[in-house]
Amino acid sequence: ESRPMRRSRRRSLHSAPFKAAAPARCQAPSPLNMESYHKPDEKTLQGLKDVANKLRIHSIKATCASNSGHPTSCCSAAELMSVLFFHTMRYKASDPRNACNDRFVMSKGHACPILYAAWVEAGYVKEADLLNLRKIDCDLEGHPTPKLAFVDVATGSLGQGLGAACGMAYTGKHFDKSSYRVYCLLGDGECSEGAVWEAMAFASHYGLDNLVAILDVNRLGQSEAAPLKHDTAAFQERCKAFGWNTYVVDGHDVEELCKALWHAERFKGKPTAIVAKTFKGKGLKGIEDQDSWHGKPIPKDRVDALLAELQAQIQAPHKPLQAELPTEDAAPVDSKAIQLLCAPEYKIGDKISTRKAYGVALKKMGDASQRIVALDGDTKNSTFSDIFKKAHPDRYIECFIAEQNMVSVAIGCATRDRTVTFASTFAAFLSRAYDQIRMAAISQSNVNLVGSHCGVSIGEDGPSQMALEDLAMFRAIPTCTVFYPSDGVSTERAVELAANTKGICFIRTSRPDTAIIYESGEKFEVGKAKVVRQSDKDQVTVIGAGVTLHEALSAHEQLAKEGVNIRVIDPFTIKPLDAATIVASARATGGRVITVEDHYKEGGLGEAVLAAVGEEPGIVVHRLAVDRVPQSGKPQELLDMFGISAKCIVAAVRQTFAN
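Residues numbered from 1 in each chain as written. Predicted model: local features only at pLDDT ≥ 70, side-chain atom pairs only at ≥ 80, totals over all residues. Heavy atoms only, no water.

Draft legend 1. Summary view of the overall build of the protein. A count of helical and extended segments in the protein gives 22 helices and 19 strands. By the compact-globule yardstick of 26 Å for 659 residues, the protein fits well, its C-alpha radius of gyration being 28 Å. Principal axes of the C-alpha set define a box for the protein whose edges measure 95 × 60 × 40 Å. The proportion of buried residues among the 659 residues of the protein is 61%. As displayed, the protein has an accessible area near 25,200 Å², and 49% of this comes from carbon and sulfur atoms. The averaged location of the 78 negative side-chain charges in the protein is 3 Å from the averaged location of its 79 positive side-chain charges. (Helix = DSSP H or I, 4+ residues; strand = E, 2+ residues; numbered from the N terminus. Rg over C-alpha atoms; globule rule 2.2 N^0.38 Å. Buried < 20%, exposed > 50% of the residue type's maximum accessible area, 1.4 Å probe, protein only. Areas by Shrake-Rupley, 256 points an atom, 1.4 Å probe, with all protein chains shown as cover. Lys, Arg positive; Asp, Glu negative; His and termini not counted. Charge placed at Lys NZ, Arg CZ, Asp CG, Glu CD.)

As structure tokens, then:
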């Protein structure tokens, strides 16, 4: 296809964000309107073959220099990468994170040396830097991370790239309404991951025809052959069954790849899967398609001969192939802070659950900014994200019961700061997406996750629905801010703060209605606790959050009638924790601290407080928490049974004095 013809298929769009749908780039072929495929000229085809072998050479040299890596996994993808980066994709090589560029996700992250090699050939990475692969002072790591401008999401934990690509493609199609396309390269081995098929179902359901998944079917896994080996027909049937337009190609034939990718771009209504039959270690004599070469550099005594063979296949120098530039039709990001347009509208004493207050807050944030996007996993009428959906249906994504994919899609939506994304479900179900969450931290993602129905206070539904590990999970994530609001006012401010906080944010919300305890104008900050009850005569500091803060307030009232004063603290954020306020209060109350939480003891509020006061002499922390697997029952019965109700706090305070 000539360059003028390739340019003609690009459409011109207005640059305003979240604009009305634009016309399709290319109408479906008809007898009166047929765009025919033109085979690239022989010079272009030879150039693509040459680039593929250059990519192999770069990958081998890099992995030999580091004495580690996956050169054979790179070699199977050489032609795929050559055609994608130097014939099909549109991007500015000097500006890899440009909003208008086509996106590329290397889901088979262990093959990243060939990604780095592609950017060498594109002119962005210096060839000499490849020799520092995996070195401690080099950003060309063993698996790709967004330390590099041409990487949007970290990969390497297999099966996650396609979900993130779905989020990027959904954003491009429905939010940016831009012509950029998204390409994701998967290995056949990682297709055993269920997350891949969650993403397949999502992309098909939403007709993401701007998304192409390329399956590098090179037959061999890490320790043995992948289950389907070279059965490309089986892959084709599976992809088609999931609703994808699917082509099977020889993954080492550049002309076949050019043609398949050309047709993929013009196919409307479905995402496209290209099942590419390849050979691991392609082009390496004695290594190609052989077992036991995964993750091993080429032996030093063989590397020179193999490189010479590859170099011999590269023809006389010719003008380097260059990617075509993208269409400038994605609006710049408005990075201003997003603020609630009005203060919370609750009055002290009103009752509302923090899960419902989250829905109200999310809708108000959506009113304030077009960048706010919400996702849910078929729990929107329980998390109350449906309040947002009703107000802003064009910015709500239903992800159904596929929490791993929901988190990956949210991460993809948030890339390049195109959206400010909130994804919600029961907090317990985020545990099944924990690998996606830890990878989000490596991806430097700014995604916001909201977990409702925490703890035994949900009541009759029983332990399978009760999040009792979630604080421990999210506290362990390096980039994560953990919000635990206790009333409607603090919930609205938590949502507002999360929208403007870098890194992962987790907001823990509760099922029961609880009283408003803060004035609507109360100011909240990340890492700043609230002392909600105090006097000069306080004898014990009690720290609670969510439901247990209200139990602590009830205990305060009961003890006050007996002439015993306690200080009550609402931490607001569990991470970072306001250690200064806690230590000061502990000292003011004789070093006596009680924590009470609707969570298991391990990793929760109590352990966070222990860590905060651990180096302070004379402070003793008594922890009230759920200490075993719970059961169904009424919320108050369960709070009593597991020792975290007001009467249990009263008993603990009395026991403190007895000791």
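Draft legend 2. A look at the UniProt feature "domain: Transketolase-like pyrimidine-binding" (unreviewed entry) in the protein. Those residues carrying the UniProt feature "domain: Transketolase-like pyrimidine-binding" (unreviewed entry) are residues 352–516 in this numbering. As a span, residues 352–516 carries 39% helix and 19% strand, and end to end its C-alpha atoms are 7 Å apart. (UniProt positions renumbered as here; feature names shortened; annotations may be inferred.)

Draft legend 3. Molecular detail of the sheet that holds strand β9 (residues 420–426). An order of β8-β7-β9-β10-β12-β11-β17 is seen for the 7 strands of this open sheet, with the pairing classed as mixed. Looking along the sheet, the strands with just one partner apiece sit at the ends: β8 (396–398) and β17 (573–575). The average undirected angle you get between the axes of adjacent strands in this sheet is 20°. (Pairing = 2+ DSSP bridges. Axes fitted to C-alpha atoms, helices over the stretch in contact; angles between N-to-C directions.)

Draft legend 4. Structural detail: the pairing of strand β18 (residues 592–600). Most of β18 is tucked away: 8 of the 9 residues are buried. Sheet analysis places β18 next to strand β19 (residues 620–626), joined by 6 bridges and oriented parallel. Its bridge partner being in β19, V593 is matched across the sheet by V621. After leaving β18, the chain enters helix α20 (residues 605–613) and then returns to the sheet as β19, a path that is right-handed. (Right-handed = clockwise from strand over helix to strand, strands pointing away.)

Draft legend 5. Summary view of the state of the cysteines. Summed over the entire model, instances satisfying the criterion amount to 0 disulfides. Here C454 is not disulfide-linked; the sulfur of C480 is the nearest cysteine sulfur, at 15 Å. With relative accessibility at 0%, the residue C454 sits in the buried group. (Disulfide = S-S within 2.5 Å.)

Draft legend 6. Layout of the sheet that holds β19. Sheet architecture is open: 5 strands sit in the order β14-β16-β15-β18-β19, paired in mixed fashion. Strand pairing shows two members of the sheet lacking a second neighbour, β14 (530–533) and β19, which therefore form its edges. Each strand axis lies, on average, 25° off the axis of its neighbour in the sheet, ignoring direction. In terms of strand pairing, strand β15 (residues 540–544) meets β18 through 4 bridges, oriented parallel. Within the sheet, the bridge partner assigned to I543 lies in β18 and is T595. Seen against the sheet, helix α19 (residues 579–588) touches β14, β15, β16 (566–570) and β18 and runs at an angle of roughly 175° to β16. Lying over the sheet, helix α22 (residues 646–658) contacts β15, β16, β18 and β19, oriented at roughly 145° with respect to β18. (Contact = heavy atoms within 4.5 Å.)

Draft legend 7. Structural view of the environment of G142. Along the polypeptide, G142 turns up in the loop between α5 (112–122) and α6 (161–175). For G142 and A472, which are 330 residues apart along the polypeptide, the C-alpha to C-alpha distance reads 28 Å. If near-sequence neighbours (up to four positions away) are discounted, G142 is found in contact with G109, H110, C112 and R134.

Draft legend 8. How the structure looks around the pattern of salt bridges. Under the counting rule described, the total for this entry stands at 29 salt bridges. A salt bridge links D216 to K108; its shortest N-O distance comes to 2.7 Å. On the criterion of sequence distance, the pair formed by D216 in strand β3 (residues 211–217) and K108 in the loop between β1 (103–106) and α5 is long-range, its members being 108 residues apart. For the pair D216 and K108, a shared accessibility class is recorded, and that class is buried. Among the salt bridges present, the one from K173 reaches D209, with a minimum N-O distance of 2.9 Å. Of the two residues, K173 sits in helix α6 while D209 sits in the loop between α7 (194–205) and β3, which places them 36 residues apart along the sequence. A network of salt bridges, in which partner residues are shared, links E35, E265 and R266. (Salt bridge = Lys/Arg side-chain N within 4 Å of Asp/Glu carboxyl O.)

Draft legend 9. Region of the structure containing unusual backbone geometry. Following K575, the chain continues into P576 via a peptide bond in cis, with omega recorded as -5°. With respect to the helices and strands, the residue P576 is situated in the loop between β17 and α19. Unusually for a residue other than glycine, R134 sits at a positive phi of about 70°. When you line up the elements, R134 lands in the loop between α5 and α6. Even without glycine at this site, D289 takes up a positive phi of about 60°. Positionally, D289 belongs in the loop between β5 (272–277) and α10 (300–312). For D289, a relative accessible area of 22% gives the class partly exposed.

Draft legend 10. Layout of the environment of G412. Here G412 lies in helix α14 (residues 403–414). Separated by 244 residues in the primary sequence, G412 and M168 place their C-alpha atoms 4.8 Å from one another. Excluding anything up to four places from it in sequence, G412 contacts A164, G167 and M168.

Draft legend 11. Broad picture of the nonpolar core. Membership of the largest hydrophobic core comes to 82 residues, with the highest contact counts inside it found for L162, L211, I397 and L449. Per-element tally for this core: the top contributor is α6, with 8 residues. For I397, the contacting residues outside a window of four places in its chain are Y170, F175, F202, Y206, V373, A374, L375, D376 and C413. Formed by 58 residues, the second largest nonpolar core is a distinct cluster that contains A552, L624, A646 and V653. (Core = buried A, V, L, I, M, F, W, Y, C linked by side-chain atoms within 4.5 Å.)

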